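Chains, contacts and geometry: an overview
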Amino acid sequence: MNMLLFFTLGLFVHFVFFVSIFDIYFTSPLVHGMTPQFTPLPPPAKRLVLFVADGLRADALYELDENGNSRAPFLRNIIMYEGSWGISHTRVPTESRPGHVALIAGFYEDVSAVAKGWKENPVEFDSLFNESKYTWSWGSPDILPMFAKGASGDHVYTYSYDAKTEDFGANDATKLDTWVFDNVKDFFDTARNNQSLFSKINEEKIVFFLHLLGIDTNGHAHRPSSRDYKDNIKKVDDGVKEIVSMFKHFYGNDGKTTFIFTSDHGMTDWGFHGAGHPSETLTPLVTWGAGIKYAQKVSAQQFDDAFLKEWRLENWKRQDINQADIAPLMASLIGVPFPLNSVGILPVDYLNNTDLFKAESMFTNAVQILEQFKVKMTQKKEVTLPFLFTPFKLLSDSKQLNILRKARSYIKQGKFDEAVSLCKELIHLALEGLSYYHTYDRFFLGINVVAGFVGWTSYASLLIIKSHSNLTRGLTVKKSSHLLPYGFLAAGLLVALFLLIQACPWTYYVYCLLPVPIWYAVLREFQVVQDLVASLLTFPLSHFVGYLLVFTVGIEVLVLSFFYRYMLTAGLIVFAGWPFLTKLWTQAKITSLSWTVFSLLLAVFPLMPVVGRTPDISLVMGAGLLVLLLSLFAVPSLIKRKGSLAKEELLVHLLQILSTVLSMYVVYSTNSSLLRKQGLPLMNQILSWAVLASSLVVPLLSSPALFQRLFSILLSLMSTYLLLSTGYEALFPLVLSCLMFVWIHMEQETLQQSGISCKKKLASIQFSYTMDITQFRQLYLDDIRRAFFLVFFLVTAFFGTGNIASINSFELASVYCFLTVFSPFMMGALMMWKILIPFVLVMCAFEAVQLTTQLSSKSLFLIVLVISDIMALHFFFLVKDYGSWLDIGTSISHYVIVMSMTIFLVFLNGLAQVLTTKKLRLRGKPKSHHM
């Protein structure tokens, strides 16, 4: 098979496997076609005011400061005397969009919606704002439009500031919140003189939504432990106090206003959010006003945590709820229909109303969720063959009717508590049923993806054995049976027909039909399998078991490193002893000693603090000085050279030194400017982008001589890496590159030791060396070790820089030399490039290893793909959607990271080839050198 075609196919297959996890575990839970349900009794409130302090952690609001005072005295006073409070538990992903959807629409959005944009509605959903008579909202341009666009009619009004004001390097992010409070006050002042507006805000069933982004912005910029974050909480508390006072004054203390104060998500100690750590999923909830229970004093409370003692709130009743429960609570308070897609359970303990009202509201909630269950069941039944449909047994049609009749009967008899508990039972069963139908096809899809995974890995392995090893040489090639293609064609048609009858989505066709051609390709190589088995039978059993055991332990160490970073340290210590376990120590003492020293130095990095450490610019400066020192060592040898090419190379080298000096200046200058709260200087921003743009071009101007080109790549990428560093991680690429240089020497020594080829002088090898296909050697067992080394170094390149196996393994501070105004995709791209730079360095060294060991780059790369796929399959089975949100988030993150790594490997392999083999000239025509 043509290699380009093979890699294109491989890329497509891996992309399908990557996307499959979201189709299997995280599809949109929305169904349509339900009828609105509302409580048939007069509501306690006419209007509702919702404050959402974006990015506010529960502990940050509730805890007392070092002097024993509350950061939010007004809200603390509400908790102790006027209202009800608790912790609102959010879900993964802990981002602003899904958090607000859970709060206002009452359902948990699927993960993919985060990628579809913050502002637009990728799916149509009902919300509290849509059900209200009017809603006025103030705040971020990233949040407000999605609820306005989703609303039917023209009754949701939004007032936003300019997106450019969301600046993490700005003087004062609290101005985002001050803007909201000031605009709300101006709005009510205007209403006094505007009869049309005045009548609207005196209607019933209206909502005022205040989105406060300052705390989130300060958290990202300065971290939640900072004075800025904590002071912002005090500012918000003061602002809430003023708004509440204004509402009471405007409406003449009519007692018909309900206030709800909460947050969409929390934040990690290092100022990020997205995964499932408790610091991200625990948010505050404080409610008071019309229809809300007053503060309740209790003598003892039972919770699994020690928060009450820490916050000194042991004697005030804490009522924890799920974030989606807030939507039905708000709907019942102002008497609007519950949002159609809401899965929230009404927290009746928050209500200060008659038992009849509570029972009726709970009954409405039960019917509203049951409606979704019925629609979901009908939809699934319609598209499933009758003999294959298995209904949800715990909630049959008769059971639904029985519970509803019984609950209605209890309400008529005045047995309200029994009615409430019966409705809760029905809700839990309906939610269980919704989940059952939502995940109905999971097992079926999972089997197909695993079949594709195993088939692909088998095919890649067979391709390695057939094309690049001598295991099958000299054996007769039999033609495969003519029945085989027809058999697989028939199987494919049957699968397609089965999916067509069931009206399955198009993605199902991809997952189910992909294994068919893959397994056809595997079975076509049946002769290779026979030859392989015949060859293995001649192999000593003890040797075979030993090699298999070593390979398995190696894979497991890589998998375990995602859970325990120190496994990489253990692996690198074993690597350090490798020359002593073989005869390499006697053959090349200095090289072996260098290998041991740099392996042990690299082994320190996985033990260093993870993301969340305090930034240390002195370490970044130190790394920059080391780079300059290394660069200056190379200058004398370049000066000694003669000719125009030598002058050109010297010029390129001096340009790279200048680039490093500029990077150090920008890092120091930007850090000082941000500490003074003067924002990112424009000149620094221009220099940063210029350094980034030049880093991929300048190496192409350097000499194609092996070490000169690799050194040039290191210098260019290090100048960018310094700009993206905040601490010790700036030293990592240097130590990694030193080990990579030694690795190239070590691999040449092993090749000479095994007698496969004679030793070539490394200084004479050039990347532009046009390798004749006949000079490629066959694969040997030791090449699996080389491929394993590469995968191990790639995993170390990820975890060694302080990353954790989580999708929130990022620090926004690392992009502040490039931009400080909130731009999720640009910031994400820069942080991704920071992760990829050590990968590129490893891949370039791998190119050199392939060249010096006379190996076809494709053959060794195929082994790397097989090892990566075996790891990915491990994590596919470890993905879960039950347990704590930390476990769920981590399991998804592991799979996403390892699959992304495999997909990026294909691109990085191409990038490494371009960086090492292409040659640009400052004058004249550019030349291209092919391997």
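This is a predicted model, so every value here is computed, not measured. (Residues numbered from 1 in each chain as written. Predicted model: local features only at pLDDT ≥ 70, side-chain atom pairs only at ≥ 80, totals over all residues. Heavy atoms only, no water.)

Okay, the overall build of the protein next. On a plain count of helices and strands, the protein comes out with 36 helices and 10 strands. Burial status across the protein gives 58% buried among its 931 residues. Relative to all contacts within the protein whose residues are 6 or more apart in sequence, the contacts with residues 24 or more apart total 79%. Per element, the accessible surface of the protein, about 38,500 Å² overall, is 64% carbon and sulfur. (Helix = DSSP H or I, 4+ residues; strand = E, 2+ residues; numbered from the N terminus. Buried < 20%, exposed > 50% of the residue type's maximum accessible area, 1.4 Å probe, protein only. Contact = heavy atoms within 4.5 Å. Areas by Shrake-Rupley, 256 points an atom, 1.4 Å probe, with all protein chains shown as cover.)

Here we come to the environment of phenylalanine 846. Looking at the element boundaries, phenylalanine 846 is found in helix α34 (residues 824–852). When its relative accessible area of 0% is taken as the criterion, phenylalanine 846 is described as buried. Distance from phenylalanine 846 to arginine 786, taken between C-alpha atoms, is 9.1 Å for residues 60 residues apart in sequence. Residue contacts for phenylalanine 846: discarding those within four places in its chain leaves Trp743, Leu790, Leu860 and Val864.

Right, let's talk about the nonpolar core for a bit. Counting 162 residues, the largest nonpolar core has Trp595 and Phe793 as its most contacted members. Tallying contributions element by element places α34 first for this core, with 18 residues. Of the domains in this structure, domain 1 (44–346) and domain 2 (542–855) are the two that each give at least three residues to this core. Residues in contact with phenylalanine 793, not counting those within four places in the same chain, are Leu572, Phe575, Trp595, Leu739, Met740, Trp743 and Val842. The next biggest cluster of nonpolar side chains, apart from the first, holds 67 residues, and it includes Phe125, Val207, Met362 and Phe363. (Core = buried A, V, L, I, M, F, W, Y, C linked by side-chain atoms within 4.5 Å. Domains from an automatic or database assignment.)

Okay, the pairing of strand β6 (residues 257–262) next. Across the 6 residues that make up β6, a large majority, 6, are buried. Of the two faces of β6, the one holding Thr257, Phe259 and Phe261 and the one holding Thr258, Ile260 and Thr262 are both buried throughout. Two strands pair when backbone bridges link them, and strand β1 (residues 47–53) and β6 are joined in this way by 6 bridges, in the parallel orientation. In the strand pairing of β6, valine 52 is matched with threonine 262. Note: β6 against strand β7 (residues 282–289), 5 bridges, orientation antiparallel. In the strand pairing of β7, phenylalanine 261 is matched with valine 286. (Pairing = 2+ DSSP bridges.)

With that out of the way, let us pick up the packing of aromatic side chains. Applying the stated rule across the entire model yields 64 aromatic pairs. Their ring planes at 70° and their centres at 6.2 Å tell us that phenylalanine 373 and phenylalanine 392 sit as a pair that is edge-to-face. You can see phenylalanine 373 sitting in helix α15 (residues 355–382) and its partner phenylalanine 392 sitting in the loop between α15 and α16 (397–413), a full 19 residues away along the chain. Neither phenylalanine 373 nor phenylalanine 392 differs from the other in exposure class; each is buried. Cation over ring: arginine 47 sits above tyrosine 251, and NZ or CZ is 3.5 Å from the ring centre. The ring of tyrosine 108 carries the charged tip of arginine 91 above its face, separated from the ring centre by 3.9 Å. (Phe/Tyr/Trp six-rings, centres within 6.5 Å; stacked < 30°, edge-to-face > 60°. Lys NZ or Arg CZ within 6 Å of the ring centre and 35° of its normal.)

Any two side chains of opposite charge can pair, on the condition that their charged atoms come close. Per the counting criterion, the structure on display carries 19 salt bridges. Here aspartate 254 and arginine 47 are joined by a salt bridge, their closest N and O atoms 2.8 Å apart. A residue pair is termed long-range when its members are at least 10 positions apart, and aspartate 254 in the loop between α11 (227–250) and β6 and arginine 47 in strand β1 qualify at 207 residues. Aspartate 254 gets classed as partly exposed once you look at its relative accessible area, which sits at 32%. For the salt bridge of glutamate 525 with lysine 466, the shortest nitrogen-to-oxygen distance reads 3.2 Å. Of the two residues, glutamate 525 is situated in the loop between α21 (515–524) and α22 (526–537) and lysine 466 in helix α18 (residues 442–468); the sequence distance between them amounts to 59 residues. On the basis of relative accessible area, lysine 466 is assigned to the partly exposed category, the value being 43%. One network of salt bridges, with partners in common, ties together Glu747, Asp783, Arg785 and Arg786. (Salt bridge = Lys/Arg side-chain N within 4 Å of Asp/Glu carboxyl O.)

Moving on, we get to the confidence of the model for the protein. Model confidence for the protein is summarised by a mean pLDDT of 85, while 89% of its residues fall at 70 or above. When pLDDT is averaged over each element of the protein, β6 comes out on top at 98 and strand β10 (residues 927–928) at the bottom at 44. pLDDT under 50 marks residues 924–931. Its contacts with residues more than four places away, or in other chains, come to 21 contacts. (pLDDT = per-residue confidence, 0-100.)

By the criterion of burial, helix α4 (residues 96–105) is predominantly enclosed, with 10 of the 10 residues buried. Of the positions making up α4, those classed as buried are Ser96, Arg97, Pro98, Gly99, His100, Val101, Ala102, Leu103, Ile104 and Ala105. Directly beyond the C-terminal end of α4, a positive phi value near 80° is found at glycine 106.

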